[in-house]
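If you want the building blocks of each chain, they are given just below.
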There are 2 protein chains.
Amino acid sequence: MTSQPSESKVDVLIVGAGPAGLMMATWMAKCGISCRIVDKRGTKVFNGQADGLQCRTLEIFDSFGFGDRAWKEANHMLEICLWNPDKDGVIRRSDRIPDTIPGISRFQQVVLHQGRIERFFLDFIAAHSDIRVERGVLPSKLEFDESLAEDTDAYPITVTLRHLSEEEATPGQVATSANGGAVQDGLFRSNLAADDTADLLKAADLNAKANTTEVVRAKYMLGADGAHSWVRRELGFCLEGETTDYIWGVLDIVPLTNFPDIRSRCAIHSASSGSVMVIPRENKLVRLYIQLTTTEKLGEGGSRADRSKITPDVILKAAQKIMAPYTLSYRKLDWWTAYQIGQRVGSRFSKNERIFLAGDAVHTHSPKAGQGMNVSMQDAYNLGWKVASVVKGTSSRAILSTYESERKQIAKDLIDFDHRFSRLFSGRPAKDLMDEEGINMEQFKAAFEKGNMFASGIAVNYDASNIIAKTADTSSGGAKTTANLPSVDSTQALAPKVKVGMRMPSVKVLNQSDARPWHLQERLPSNGTWRVLVFAGDVGDAGQKARMLRLADSLAAPTSFLRRYTPAAARYDSVFEVLTVHAAPRASVTIFDFPEVLRPFDELDGWDYNKIFVDDESYHEGHGRIYEEFGIDPKEGCVIVLRPDQYVSYVGALDDYASVDKFFSSFMLSRQAQVNGK
Amino acid sequence: MTSQPSESKVDVLIVGAGPAGLMMATWMAKCGISCRIVDKRGTKVFNGQADGLQCRTLEIFDSFGFGDRAWKEANHMLEICLWNPDKDGVIRRSDRIPDTIPGISRFQQVVLHQGRIERFFLDFIAAHSDIRVERGVLPSKLEFDESLAEDTDAYPITVTLRHLSEEEATPGQVATSANGGAVQDGLFRSNLAADDTADLLKAADLNAKANTTEVVRAKYMLGADGAHSWVRRELGFCLEGETTDYIWGVLDIVPLTNFPDIRSRCAIHSASSGSVMVIPRENKLVRLYIQLTTTEKLGEGGSRADRSKITPDVILKAAQKIMAPYTLSYRKLDWWTAYQIGQRVGSRFSKNERIFLAGDAVHTHSPKAGQGMNVSMQDAYNLGWKVASVVKGTSSRAILSTYESERKQIAKDLIDFDHRFSRLFSGRPAKDLMDEEGINMEQFKAAFEKGNMFASGIAVNYDASNIIAKTADTSSGGAKTTANLPSVDSTQALAPKVKVGMRMPSVKVLNQSDARPWHLQERLPSNGTWRVLVFAGDVGDAGQKARMLRLADSLAAPTSFLRRYTPAAARYDSVFEVLTVHAAPRASVTIFDFPEVLRPFDELDGWDYNKIFVDDESYHEGHGRIYEEFGIDPKEGCVIVLRPDQYVSYVGALDDYASVDKFFSSFMLSRQAQVNGK
């Protein structure tokens, strides 16, 4: 239309609208940050793709308010059955173990296809902002002015965006009917397929009409554009790692079978025909991951296998051989693909803390452990609130380096986990104790159980930094940025089970005002707010009450961090939310026994009845016993600081106001004169 | 447009789109019945109105799949606080009791305004059918051909419908802004206001353009058109009962108060200024029911009070006086109204089992106990599946008379409850033991606690009929239709805690195939299907397994009631769903240890993995112990038949197939040759 490309500014530009990009946009929507999100493809994913949701991912979804949608629609996967050859080489169930370790989360791992998960994000973003995914939009040029990197108000990133026509932006997969007879070719996004960006671009070149360009200048940018990441390549970063010879096929079918555990997650090792993993899904579907031993030699002239020889029928026949003597067939095939196992991790996650990479752009691995989508979303979940608080002027840029320090370690852990897990899974079972090349099935079970903790997402433990107040872990050998050490020390012993660096565990407490039981995590929605949890202890004890009052006096003072960092015109809980959990009997007190700073007053809404909670017996849902579960002494109490992503920043004495102030002072920016702009 | 009114046919015509009418339409939508629903008003309710949801109502919502929406949005009301004058006449909290009796349901009573509840119904109806509420449509003429009443295929009802213009169908209330400064006049639908039908009609007369008419012929009709029911008056039925002198005001406000229990349900009796009931609601709102002692004499020239003297300020001042020395004011007023307490019940609920009345059309009373909307919806919930199954040809018309026999008793119980409760609540507290005119506060508490069971909706116990196989209760004195007695007897002792006539209690069981815990009630969705619950007991016991197999053989026989009453082309569980709950350890069996009729095969979908459940420990949610909870002996088992509305029809021996067959034979119609039409 215009001969000169239009030019515009935006605070945050997201490239890629898969789960990582959408998670980033969700934070921007919730925090009111100006943001655009573009995706080169013309439509969203409708079926197939990744589908496991970790406990931690469900907690995160719930913190945005759509955890219940996933929980309701998903298949709940409760049990893992291990099947191994008996002495006659016939597969038998050797063990049953819970799929989610009991007690680690209020959620258990569930299964739901990526298309629905993207739908939840899209609905949330539409409900909370004007941000809309712009599809069929391809970035074609990236310029970055490094000299402006530390200038908070600058737009150092310049990106040229090319708008494709609808037709050329529609990839092969969805050109066939999603519901009709034609089954989608799952290989088009498999790692057996090449990047299709060049094809998309070439098609656009031929179509002058739709092929308009625009120039966008951004403060921050996220490359969430997958394993073939254009952003990563523009930055000159690479993925480091290796590819194996193991090739696996994937079938999403409604199975017709007499295998009795088809609705449990199963790891089936046959004596000599390879392995199958069974993942029962929603809508009667079952996903089968099937080792294609017969195609091991398919790779020619390089490490890539020959795609043309892999078909659903080839994959099914391999599964039938592994699962014999049980029968397996299907009439309904929803999706299929195949992939070659490999583990690679990005060399760098950020360019000057201005351009970030997340998701498959910085870690690729096998899909069987159901980790990829989860870790990708959690990358962006880690990053989003940090970028938002810097853009809003709440935090200094000093917190941004924690993205790479925190998430690169997770990516490495993931790759190590997947490496071990894949080899155990792809290997042949040992025939006996002398068979050293085979996999010992007891070892496999032990690895599986240990892997379950990692796979839940709950085990994530971020290292010391300006926003994680603990002693740095020097054992893991990573090069720590000493410039970014915490300004204060935690006293972990005051709440030994609330580990600094890990996400806050969840236990039920009661609202003091109405006796309603809540999981404490439910009171920590993802809205960009830091939380100061005041474990006041037994406030019926005079000494304990006096300590609470000392803390409250400091919090209420005009010079407190609450006042300094909260804009004068903003709501009292917009930057920090102070939540109190006490341990006196609920019926012995009312909220009016607590100082006003713990239950603020609003002249339109009255007292805030949602800030004070109690560790007591509920009428219908038992007793959470949070003091006991957290290891907090009711005659001592403590203060716990939580990041906006619910990770524990600090644990300290109830009346040690000074440390909390010092903690925030090291990275927050005074807002007394500012107005909390949208 | 046309000079001759158009004429059309419909199976079911519903007049009134309040909660009762919408519940009826919900059944019709789910069961695929041709249906129209009209309402004379032009818009739905946006705020105010009834708002308490009983446990039983939530169970019903959940059976349609939208219980979670209500549960998530509503305020959960956990506690009742009783406040009474102390010896100095100052109000004090005298007691705390749970608002919902622990253990009676998996839900607790919650509060949410009627507009949202109607929204859930409307969304469900839109998602499941082409039925749409037709607003601004007024029935103006009713003809009923009694001679055709027993002819199943006839359309004996002829109704003329008048279409109002949008303007004239918009009542006074919503003509003012719902969110703006103007507060809606809550009196327009109060019982202090006259029926506005005449006004609507008169306005329509003046507007010739929109005032078109049509004629609809219907098989069945429901009058759910409120206390001023046009349908009731056309039928010549009346409401019988009385009106009292007690006048109450209602304020929906965001309170500014230092009263400490404002987020609990409170019953506050002042020494001599009257009473207040506090109902905490969603979105910081609190509803106050306030006794207006100062306006007791307002009624002139009859029993109606003078509306013009009742304003929000008058109501607030009364509340302030009662709640002194606590302060109370507000800046946000959402809605208000006033009403005069009275209890009236309809003389008849049905005309020839062709035209039915439900909701306020047959029972009116005070709103304070939060019963009205619940009982109204439950009227239609009782009726809907019956009408649907007769229209579909599954059942004979013989089941329709149970609507009046079952619901008229409930209406009477409700009126009795409300009568006692209102008098206790409106009375002045006794000063001492000698004060016989005053209300004894211990008596009040006892009545409150007893009332809680009634108010939960769980206590409903339908009397014997052709669809409730128990010995008729002759004690309650109602005239029983002996023509409608059960064809078989239950053996209640086999499941003493699953009372024939009451709704099935709910306990958690595990799915045999995937170990997922479910509340048994969650497996009983409202879809019009009868359920045969096979409590097979410990199937590891040879004798027990043999009895199960005997039952299964009978069920699988070509002559069984499953085959006779299920159309040949219909799905195996479309009329009856057989659900098995066994008591052997889950890991000791698979579904293939059970006969095929208990886990049917479909050539596209394979085996049905959702029919066999087990009483065992779950991985994450404990052990339901359903055999123990229901009083069923695992070495005996039993069969329980549930109606499509989850009420227990029959309890009998596990291998007494003959009684179950006889039970269904008394009212079901053979469908062998029929096709299950929509």
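Being a predicted model, the structure only gives us computed values, none of them experimental.

(A) Looking closely at the overall build of chain A. Of regular secondary structure, chain A possesses 15 helices and 28 strands. Evaluated residue by residue, chain A yields a buried proportion of 60% over its 678 residues. Long-range contacts, defined as pairs at least 24 residues apart, comprise 75% of the intrachain contacts of chain A with a sequence gap of at least 6.

(B) Geometry of the interface of chain A and chain B. On the side of chain B, 50 residues touch chain A, which itself brings 50 residues to the contact. Roughly 4,300 Å² of surface becomes buried between chain A and chain B when both sides are summed, with 51% attributable to carbon and sulfur atoms. Here chain A and chain B share eight salt bridges between them. Here Lys-72 of chain A makes a salt bridge to Asp-68 of chain B, at a shortest N to O gap of 3.0 Å.

(C) Structural context of the relation of the copies chain A and chain B. The operation relating chain A to chain B is a screw motion whose rotation component is 180°, with 0.0 Å of axial translation and a residual RMSD of 0.0 Å. Here the transformation between the copies is reduced to the relation of a two-fold axis. When C-alpha distances to the rotation axis are compared across chain A, the minimum falls at Asp-68 of chain A, with a value of 4.3 Å. Of the residues that chain A buries at the interface, 100% are likewise interface residues in chain B, meaning the two copies contact each other through the same surface.

(D) Just the state of the cysteines, in detail. All names here are of chain A. Summed over the entire model, instances satisfying the criterion amount to zero disulfides over all chains. Its sulfur unpaired, Cys-55 is 18 Å from the next cysteine sulfur, which belongs to Cys-81. Its relative accessible area of 1% is what places Cys-55 among the buried residues.

(E) Broad picture of the packing of helix α9 (residues 372–392) of chain B against helix α10 (residues 402–426) of chain B. Residue and element names in this part refer to chain B. Taken N-terminus to C-terminus, the directions of α9 and α10 make an angle of 170°; their axes are 10 Å apart at the nearest point. In terms of axis orientation, α9 runs roughly antiparallel to α10. Mapping the contact onto sequence places Val-375, Gln-378, Asp-379, Asn-382, Leu-383 and Lys-386 in α9 and Thr-402, Tyr-403, Glu-406, Arg-407, Ile-410 and Leu-414 in α10.

(F) Region of interest: the sheet that holds strand β13 (residues 265–269) of chain B. All names here are of chain B. Taking strand neighbours across the sheet as the criterion, the eight strands line up as β6-β5-β13-β14-β15-β12-β16-β19 in an open arrangement whose pairing is mixed. Of all the strands in the sheet, just β6 (91–98) and β19 (363–364) have a single pairing partner and so form its edges. Note: strand β16 (residues 328–346) against β19, two bridges, orientation antiparallel. Bridging from a neighbouring strand, Val-345 pairs with His-363 of β19.

(G) Structural context of the side chain of Gln-343 of chain B. Residue and element names in this part refer to chain B. Take Gln-343: it is sitting in strand β16. A distance of 3.0 Å separates a polar atom in the side chain of Gln-343 from a polar atom in the side chain of Asp-418. In terms of polar contacts, Gln-343 uses its side chain to reach the side chain of His-419, at 3.1 Å.

(H) Expanded view of the packing of α10 of chain B against helix α11 (residues 441–455) of chain B. All names here are of chain B. In contact at an axis separation of 11 Å, α10 and α11 are set at 150° when each is read in the N-to-C sense. As far as their axial angle goes, α11 and α10 are roughly antiparallel. Taken as a pair, α10 and α11 cross one another with a handedness that is left-handed. Note on element contacts: α11 touches α10 through Phe-444, Ala-447, Phe-448, Gly-451, Phe-454 and Ala-455, opposite Asp-413, Leu-414, Phe-417, Phe-421, Leu-424 and Phe-425. Taken together, the residues that form the contact of α10 with α11 break down as 10 nonpolar, one polar and one charged.

(I) Spatial organisation of the sheet that holds strand β27 (residues 638–642) of chain B. Residues and elements named next belong to chain B. Reading across the sheet, the seven strands line up as β21-β20-β26-β23-β22-β27-β28 and stay open at both edges, with mixed pairing between neighbours. One side of each edge strand has no neighbouring strand; the edge strands of this open sheet are β21 (517–519) and β28 (648–652). Taken over all neighbouring pairs, the strand axes of this sheet differ in orientation by 30° on average, direction set aside. One ladder, built from five bridges, connects strand β22 (residues 530–537) with β27; its direction is antiparallel. By the bridge assignment, Val-534 is partnered in β27 with Val-639. This element, helix α12 (residues 542–556), spans β22, β23 (576–582) and β27 of the sheet and lies at about 155° to β22.

(J) Spotlight on the side chain of Ser-63 of chain B. All names here are of chain B. Looking at the element boundaries, Ser-63 is found in helix α2 (residues 55–64). At 2.6 Å, the side chain of Ser-63 and the side chain of Ser-526 are in polar contact. Setting aside its immediate chain neighbours within four residues, Ser-63 contacts Tyr-381, Leu-524, Pro-525, Ser-526 and Gln-646.

(K) Focus on the pairing of strand β1 (residues 6–15) of chain B. All names here are of chain B. Here β1 pairs with strand β11 (residues 212–223) via nine bridges, running parallel. Residue pairing in the sheet places Glu-7 in a bridge with Val-215 of β11. Strand direction decides the pairing type here: β1 and strand β2 (residues 35–39), joined by four bridges, are parallel. Following the sheet pairing, Val-15 is matched in β2 by Val-38. With helix α1 (residues 19–31) bridging β1 and the parallel β2, this β-α-β connection has right-handed handedness.

(L) How the structure looks around helix α12 (residues 542–556) of chain A. Helix length check: α12 of chain A (15 residues) gives 21 Å between terminal C-alpha atoms against 21 Å at 1.5 Å per residue, within 8%. Backbone nitrogen of Gly-543 of chain A and a side-chain oxygen of the N-cap are separated by 3.0 Å at the start of α12 of chain A; the cap is Asp-541 of chain A.

(M) Representation of the packing of aromatic side chains within the structure. Enumeration over the complete set of coordinates arrives at 72 aromatic pairs over all chains. Ring centres 5.9 Å apart and planes at 65° place the aromatic pair Phe-66 of chain A and Phe-124 of chain A in the edge-to-face group. A residue pair is termed long-range when its members are at least 10 positions apart, and Phe-66 of chain A in the loop between α2 (55–64) and α3 (67–73) and Phe-124 of chain A in helix α4 (residues 114–128) qualify at 58 residues. For Phe-66 of chain A, a relative accessible area of 4% translates into the label buried. Following the ring pairs from residue to residue traces out a cluster consisting of Trp-385, Trp-530, Phe-561, Tyr-565, Phe-576, Tyr-650, Tyr-657, Phe-663, Phe-664 and Phe-667 of chain A. Of note, Arg-523 of chain B hangs over the ring of Trp-518 of chain B, and the distance from its end group to the ring centre comes to 4.3 Å. The cationic tip of Arg-599 of chain B hangs over the ring face of Trp-607 of chain B; the distance from NZ or CZ to the ring centre is 4.6 Å.

(N) Looking closely at the pairing of strand β20 (residues 508–511) of chain B. Residues and elements named next belong to chain B. Where β20 lies against β21, three bridges are found, and the strand directions are antiparallel. Bridge pairing in β21 links Lys-508 to His-519. Here β20 folds back onto β21 in antiparallel fashion, the turn holding five residues, of which Ala-515 has a positive phi close to 70°.

(O) Quick peek at unusual backbone geometry. For the peptide bond that leads from Ala-324 of chain A to Pro-325 of chain A, omega is 10°, which places it in the cis range. By the secondary structure assignment, Pro-325 of chain A is in the loop between α8 (312–323) and β16 (328–346). The residue Asn-352 of chain A is not glycine, and still its phi comes out positive at about 55°. Its place among the elements puts Asn-352 of chain A in the loop between β17 (350–351) and β18 (355–357). We classify Asn-352 of chain A as partly exposed; its relative accessible area is 21%. The phi dihedral of Glu-353 of chain B is positive, around 50°, even though this residue is not glycine. With respect to the secondary-structure elements, Glu-353 of chain B resides in the loop between β17 (350–351) and β18 (355–357).

Cut-offs used in this document
- Residues numbered from 1 in each chain as written.
- Chains lettered and ligands numbered in written order.
- Predicted model: local features only at pLDDT ≥ 70, side-chain atom pairs only at ≥ 80, totals over all residues.
- Heavy atoms only, no water.
- Helix = DSSP H or I, 4+ residues; strand = E, 2+ residues; numbered from the N terminus.
- Buried < 20%, exposed > 50% of the residue type's maximum accessible area, 1.4 Å probe, protein only.
- Contact = heavy atoms within 4.5 Å.
- Buried area = accessible area lost by both parts, 1.4 Å probe.
- Salt bridge = Lys/Arg side-chain N within 4 Å of Asp/Glu carboxyl O.
- Least-squares fit on C-alpha atoms with pLDDT ≥ 70 in both.
- Disulfide = S-S within 2.5 Å.
- Axes fitted to C-alpha atoms, helices over the stretch in contact; angles between N-to-C directions.
- Parallel < 35°, antiparallel > 145°, perpendicular 65-115°, else oblique.
- Pairing = 2+ DSSP bridges.
- Polar contact = N/O pair within 3.5 Å; in protein donor to acceptor, adjacent residues only side chain to side chain.
- Left-handed = near helix turned anticlockwise from the far one by under 90°.
- Nonpolar A, V, L, I, M, F, W, Y, C, P; charged D, E, K, R; others polar.
- Right-handed = clockwise from strand over helix to strand, strands pointing away.
- Expected span 1.5 Å × (residues − 1).
- Phe/Tyr/Trp six-rings, centres within 6.5 Å; stacked < 30°, edge-to-face > 60°.
- Lys NZ or Arg CZ within 6 Å of the ring centre and 35° of its normal.

The values are spatial; any link to function lies outside them.
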